[in-house]
Amino acid sequence: MSGSCTMRVTAGSSVLLVVTLSAVCFGQLPSSRCDSSQSALEDCAFLTQVEPQQDGIFTPQGSSLDRSAAPTDSSAATDREPASEGAAIAPVPREPEGFHWRGALKESFTFLVIEQAYVVHTDFNWVVSENGVPFNHFWRDYKQSLSAWVHSGWNDGDPNWFGYVGHPIQGALTGFIQIQNDPQGERLEFSRTKAYWWSRFKAGLWNTVYSTQWNLGPLSEVTVEKYGTKDRAPWNYNGTYPCSRHCLTGVGQIDIVMTPLGGTGWLVGEDFLDSKIVRRVEDATQNHVVIDTVRCALNPIRGAANILHGKQPWYRASRDVQRMSLFREQKTAMSAGEVPKQTLNHGEVFFGYSHVGVPHCQATYSDASIVCDPFSAKTSNLAGWNASLQKKYLRYFGAVADFGGQYGAVSQRTFLFGLRGETSMGRFRPFAQALFGAVHAQENGAAASKSDTSFAAALGGGVDFRLTRRLSWRNQADELKSSLAAVKQYSVRLSSGLAVRF
């Protein structure tokens, strides 16, 4: 292992770390100041603005690979065609690469799911506060939340460090998502140039759109946690009910302002540290562990965005230049009779044994522990099966469909969908996941058996141990939350079985 880092970020009341769903990738891209070809340049410092390369080819100007710089043989052209048909055709310049909309939207959506998973996990009682159904009376509550926001003033009721530190961190990460999908801006480093500041201004616009959706959009805090609705009454500054004066509703103008402004400032600050301090460390040592650690420590939010982008946390587009395409082709060339092995990184299918432990019940509108009602108490120590299907859509992330059946005093079935982040560590593949869906439970044996269906959420993880190229043995644990019989409850679900990669 060449380097690693871990981060933890909280934005407002609901930011979950990207790193929570993806362990740090192992492996090393060249992290010295010079590129991986180790060219003996007099000064290995790259320009603050590097022209985007096409197809991953690094071609220094004037080299034999720089076809656009090669002169045209006009005499040869006249030998092949009459002079009356014109002189040699001039080389056509390549069009600049456009913004990667698909990648930026995928990464932003993945980050949104991670944040909402944190929201659902921490405020589950409010998510299911009306008949155990999230988004119940959606438009009514949404209009009430927007009205409460207009009249709320600056403070939203969160601790000050949430609004002045947490949400700017969220804004910085979404800004880096825009930068790493912009070929014109991803290699720019801190400088007093128009190109740099225009690039960071566009990142601020992307940050503004994302943060507005997060605070007031259709899939925002107000729609999931029901801030500003009649169902969630205003509270006092100390968090008690009912409110007598200086009421708080969970919405305010602070996040709309501080997230884009503070986030852009945080982003520029990390650029400054990377240019002025990390660069000096790279000049002083070739120890990759030291370099990668400093990169992660001084640019933690960029590291989280790198993971979403399928890169190591310490990656820098401005100077981690890969070897030329010709060199890579020579290194990976195979004989004519050799058959290439198919890359197994598209997804996996899992099936195994599952066990649900004793449930812990809590009051619907608080976290106070209560005695489980008879129906909820029966949903304990159930045994059965668990199956899941994952389809990768980013390097470290995939979409998951999870189904299960557990049996005992009741028959319980789960239908969950969500997100999984994973990475490889030799024969081991650790992962973390956030799932949402429904759970249905029905009593067994009684003539008029009781049954109920509730919204459910599962947050957990596990590890796969590779047995063969395709086959792995999986062990995982999830905290399963539900609201059966109008009682908030959670239990631990353990699963073990075989996973087949494809």
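Reading guide: rules and limits
Residues numbered from 1 in each chain as written. Predicted model: local features only at pLDDT ≥ 70, side-chain atom pairs only at ≥ 80, totals over all residues. Heavy atoms only, no water. Helix = DSSP H or I, 4+ residues; strand = E, 2+ residues; numbered from the N terminus. Buried < 20%, exposed > 50% of the residue type's maximum accessible area, 1.4 Å probe, protein only. Areas by Shrake-Rupley, 256 points an atom, 1.4 Å probe, with all protein chains shown as cover. Contact = heavy atoms within 4.5 Å. Phe/Tyr/Trp six-rings, centres within 6.5 Å; stacked < 30°, edge-to-face > 60°. Salt bridge = Lys/Arg side-chain N within 4 Å of Asp/Glu carboxyl O. pLDDT = per-residue confidence, 0-100.

*Asks:* Give me the lowdown on the overall build of the chain, citing residues and values where you can.
*Replies:* For the chain, the count of helices and strands is 12 helices and 10 strands. Looking at the chain residue by residue over its 502 residues, the buried ones come to 48%. On the chain, roughly 24,500 Å² of surface is accessible, and the fraction owed to carbon and sulfur atoms is 61%.

*Asks:* Mind laying out the side chain of Ser199, listing which residues take part and the relevant values?
*Replies:* Within the fold, Ser199 resides in helix α6 (residues 194-216). Apart from residues lying up to four places away in sequence, Ser199 is in contact with Gln178, Gly185 and Leu188.

*Asks:* Could you give me a rundown of the packing of aromatic side chains, with the residues and numbers involved?
*Replies:* By the definition in use, this model includes 19 aromatic pairs. Ring geometry for Phe190 against Trp197: centres 6.1 Å apart, planes inclined by 75°, an arrangement best described as edge-to-face. For Trp197, a relative accessible area of 41% gives the class partly exposed. Put simply, the rings of Phe135, Phe138, Trp139 and Tyr142 touch in pairs and so form one group of aromatic residues.

*Asks:* How would you explain the pattern of salt bridges if you had to name every residue and give the values?
*Replies:* All chains considered together, the criterion is met by 23 salt bridges. Measuring nitrogen to oxygen at the nearest pair gives 2.9 Å for the salt bridge that ties Glu282 to Arg319. With Glu282 in helix α8 (residues 254-284) and Arg319 in the loop between α10 (300-308) and α11 (325-331), this residue pair connects regions lying 37 residues apart in the sequence. For the pair Glu282 and Arg319, one class covers both residues: buried. Here the salt bridges do not stand alone but share partners, grouping Glu189, Asp274, Arg279, Glu282, Arg295, Arg316, Arg319 and Asp320 into one network.

*Asks:* Provide a residue-level description of the confidence of the model for the chain, including the pertinent values.
*Replies:* The predicted model of the chain averages 79 in pLDDT, with 75% of residues at 70 or higher. Here helix α1 (residues 74-80) stands out as the element of the chain with the lowest mean pLDDT, 42, in contrast to α10, whose mean of 96 is the highest. Low confidence marks residues 1-10, where pLDDT is under 50. Its contacts with residues over four positions away, or in another chain, come to 33 contacts. Contacts for the low-pLDDT stretch residues 12-87, under 50 throughout, to residues beyond four places or in other chains number 155 contacts.

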